[in-house]
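One-letter residues, chain by chain:
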Amino acid sequence: MRTERFSKGTEFLTQQLDAFLGNFTRLSSRIRHLDYDTSELGDRINARCSYIAFKDGAPTFDEFIDVLFHQIVSFCLPKSEIMTAHSNLADALACGDTVLVNQISTRLHERARSLFIKAKKGSHRSGEAGEILLFILVEWLLKAPQIVSKMYLKTNNNMPVHGTDGIHARFDDSTKRLHLYWGESKAHNSLGGAFISAMKSIKDFHEEGGQNLEIPIVSNFSDFNTASPDAKEAFIRYLDPYNEEYNQCVTSFACLLVFDFPFPIVGDIDIELCEKEFVNAANVEMHKFLTSLPEKLADRNIGHLRFEFFLVPVPSAQEFRDKFQSRIGWPND
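Sequence order sets the numbering: in each chain, residues are counted from 1 along the sequence as written. The predicted nature of this model means local features are confined to residues of pLDDT at least 70 and side-chain atom pairs, given and counted, to a pLDDT of 80 or more, with totals for whole chains, interfaces and linings taken over all residues. With hydrogens and water excluded, all non-hydrogen atoms of the structure serve as input to the side-chain values.

Visitor: Help me understand the sheet that holds strand 8 (residues 249-260) in this model?
Guide: As a general point, the strands of a sheet are linked pairwise by backbone hydrogen bonds and lie either parallel or antiparallel. Spatial strand order, 1-2-9-8-7-6-5: seven strands in an open sheet with mixed pairing. Two strands lie at the open edges of the sheet, namely strand 1 (31-35) and strand 5 (146-148), each paired on one side alone. Geometrically, the sheet is characterised by an average inter-axis angle of 30° between neighbouring strands, direction not taken into account. Judged from the two bridges that link them, strand 5 and strand 6 (residues 166-172) form a sheet pairing that is antiparallel. Within the sheet, the bridge partner assigned to glutamine 146 lies in strand 6 and is histidine 168. Set on the sheet, helix 8 (residues 191-207) makes contact with strand 7 (177-188), strand 8 and strand 9 (307-314); between it and strand 8 the angle comes to about 150°. Strands qualify as paired when DSSP identifies two bridges or more between them. Helix and strand assignments follow DSSP, with helices taken as H or I runs no shorter than four residues and strands as E runs no shorter than two, numbered in order from the N terminus. Lines fitted to the C-alpha atoms define the axes, with helices restricted to the stretch that makes contact. Angles between their N-to-C directions range from 0 to 180 degrees. Here, residues are in contact when the closest pair of their heavy atoms is within 4.5 Å.

Visitor: What is the right way to read the pairing of strand 9 from this model?
Guide: Where a strand is regular, its side chains alternate between the two sheet faces. Here strand 9 lies mainly inside the structure; eight of its eight residues are buried. What you see with strand 9 is no split at all: Phe307, Phe309, Leu311 and Pro313 on one side and Glu308, Phe310, Val312 and Val314 on the other are buried throughout. Pairing of strand 2 (residues 45-52) with strand 9, which is carried by five bridges, proceeds in the parallel orientation. By the bridge assignment for strand 9, asparagine 46 is matched with glutamate 308. In the sheet, strand 8 pairs with strand 9 via eight bridges, with the strands oriented parallel. Burial classes follow relative accessibility: with a 1.4 Å probe on protein chains only, a residue under 20% of its type's maximum area counts as buried, one over 50% as exposed, and anything between as partly exposed.

Visitor: Whenever I open this one, the state of the cysteines confuses me. Can you help?
Guide: Two cysteines, two sulfur atoms, one covalent bond between them: this is a disulfide. Sulfur atoms of two cysteines make up a disulfide when they are within 2.5 Å. Under the definition given, this model contains zero disulfides. Not engaged in a disulfide, the cysteine cysteine 49 finds its nearest cysteine sulfur in cysteine 255; these two sulfurs lie 14 Å apart. Just so you know, cysteine 249 is unpaired, no disulfide at all, and the nearest cysteine sulfur is the one on cysteine 255, 20 Å from it.

Visitor: What am I meant to see in unusual backbone geometry here?
Guide: If you check the backbone angles, aspartate 56 has positive phi at about 55° while not being a glycine. Examined against the element boundaries, aspartate 56 turns out to sit in the loop between strand 3 (54-55) and strand 4 (58-59). Residue aspartate 56 is classed as exposed on the basis of its relative accessible area of 59%. The backbone of asparagine 301 sits at a positive phi, close to 60°, despite the residue not being glycine. Following the sequence through the fold, asparagine 301 ends up in the loop between helix 11 (274-299) and strand 9.

Visitor: Any chance you could explain the pairing of strand 2 here in plain terms?
Guide: By the criterion of burial, strand 2 is predominantly enclosed, with seven of the eight residues buried. Where strand 1 lies against strand 2, five bridges are found, and the strand directions are antiparallel. Across the sheet, residue isoleucine 31 finds its bridge partner in strand 2, namely isoleucine 52.

Visitor: I would appreciate a short explanation of the packing of helix 2 (residues 61-69) against helix 6 (residues 130-142) in the present structure.
Guide: Between two packed helices, the angle of one axis relative to the other and the distance separating the axes together describe the packing. Viewed as axis vectors pointing N to C, helix 2 and helix 6 meet at an angle of 80°, and their least axial separation amounts to 9 Å. One element, helix 2, and the other, helix 6, form an angle in the roughly perpendicular class. Mapping the contact onto sequence places Phe64, Val67 and Leu68 in helix 2 and Ile132, Leu133 and Ile136 in helix 6. Gly counts as polar in this scheme, as do all residues outside two lists: the nonpolar Ala, Val, Leu, Ile, Met, Phe, Trp, Tyr, Cys and Pro, and the charged Asp, Glu, Lys and Arg. Each residue belonging to the contact of helix 2 with helix 6 can be placed in one class, and the counts come to six nonpolar, no polar and no charged. For this classification, under 35 degrees means roughly parallel, over 145 means roughly antiparallel, 65 to 115 means roughly perpendicular, and everything else is oblique.

Spelled out as structure tokens, the structure:
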């Protein structure tokens, strides 16, 4: 009877995670993706490159920043708060109360913005756009929704500001495995610099038992607290070491590396060839980086961990930070 009930619970688990998942297909006009065959790197490394879409021979940097800004509500606030606001919006629309519609929408976005700024000030870090970009890419490309709003917890429950940059989950119904992703994002003026910084954080997290601190957060503060009892029970069983399902919980590091990369200068080459030239140069850099990955990870004694790499070349990593910080209305230092 318990096995039958648990099997039914995993069905609800799949449905619940699908319900949590955002729809990012409309972003394909702003963010392009390059996929790579990583089979020669073993079964613990996957990687892809995402880049800013081109328009008239140049990257659409400002529009890219707008994409991140428009995701701040989904990134910062728990699903329950967003769903309540959406319900109130539906009621206001049904009544034709456009003033109330604008009030609810503005209040929701301002709350998310203020939480983001408050959390970043508390951590003495700049308004990193990387965390939101990582959130988008993990949900979009891995189909793994965010299940804990770390930003919300840091400002509402006196949670520690250290730890992962995000927590996502995906359930594989064919293998009955729950995949948890610990997020780590770094922006640097070089790919090597971003990699070194990210690997240091990940190694420290692993060696200091960071997962043991994150699991209770997942258990007690995830969006599953608003899920159906069956879905929540199935989810919790994968986190409990005294249940067999725990052995089918797979953890990986979702690692975003944002770095300076030369973009073609309009006028030096034909406008129609700019994006093609950029992609060719990016592919050369990516293949060089990927080939060296197994050795670099082994040298740091973290070759046994699982990684999902998201590589994002930008005209300037510092400008990437500054533009986003300006966009959310937080003056640059």
